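Summary of structural features
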Amino acid sequence: MARLDPGLQAERTAIAWTRTAACCLANGVLFIPRYLRDRTDLAVLLLVAMAFALAAVTFVTARRRRRTLTRPERPGPVSARPLVTVAAGNALFGVLFLLDLLAHQP
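Keep in mind it's a predicted model, so treat the numbers as computed, not measured. (Residues numbered from 1 in each chain as written. Predicted model: local features only at pLDDT ≥ 70, side-chain atom pairs only at ≥ 80, totals over all residues. Heavy atoms only, no water.)

**Side note on the nonpolar core**
Cys-24, Phe-31, Val-44, Leu-47, Val-48, Met-50, Ala-51, Leu-54, Ala-55 and Phe-93 form the largest nonpolar core, which has 10 residues in total. Secondary-structure elements contributing two or more residues to this core are helix H1 (6–37) and helix H2 (42–69). Here this core takes 7 residues from H2, the largest share from any one element. Setting aside its immediate chain neighbours within four residues, Ala-55 contacts Ala-21, Cys-24 and Leu-25. (Core = buried A, V, L, I, M, F, W, Y, C linked by side-chain atoms within 4.5 Å. Buried < 20%, exposed > 50% of the residue type's maximum accessible area, 1.4 Å probe, protein only. Helix = DSSP H or I, 4+ residues; strand = E, 2+ residues; numbered from the N terminus. Contact = heavy atoms within 4.5 Å.)

**Quick look at H2**
Think of an α-helix as 3.6 residues a turn; residues three or four steps apart then line up on the same face. Counted at 1.5 Å a residue, the expected span for H2 with its 28 residues is 40 Å, and the 40 Å between its end C-alpha atoms agrees. Listed as buried for H2 are Val-44, Leu-47, Val-48, Met-50, Ala-51, Leu-54, Ala-55, Thr-58, Thr-61, Ala-62 and Leu-69. (Expected span 1.5 Å × (residues − 1).)

**Some remarks on the confidence of the model for the chain**
Detailed reading of predicted coordinates is not advised where the pLDDT is low. Overall, the predicted model of the chain reaches an average pLDDT of 78, with 88% of residues at or above 70. Element-level pLDDT for the chain is lowest in H1, with a mean of 77, against a maximum mean of 84 in helix H3 (residues 81–103). (pLDDT = per-residue confidence, 0-100.)

Here it is as C-alpha cells:
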C-alpha cells in the first residue's frame, strides 16, 4: 500500500478554502453593478458587504487551517466553529440573496 504524502492534505485543504473564499468574493463583486445603478437600495449594499466579510473570514480560516496542517507534529482535534461560521454565513447570504431577487422581480 502506498504511503500518503502528509503535505498533500494541507494543499488540498488550502485549495478548497481558497476556492470558497473566491466564490464569496465573486458574489460580492456581482452585486456591485446593481448597487451602482440604484444607490438608494441599502439591502444590496448590505449584501455586498456581507459577501466581502464572508470572503475575508473564509480566507483567514483557510490560512489558519493550512498553518495547522503544515506543522511537523500531528494536528489535534480542530474546532468546528470556523466551519460552522462560514457555512451559516453562506446560508444566510443565500437566503438574503433569494429574498432580494424575489423583491426585485418585474
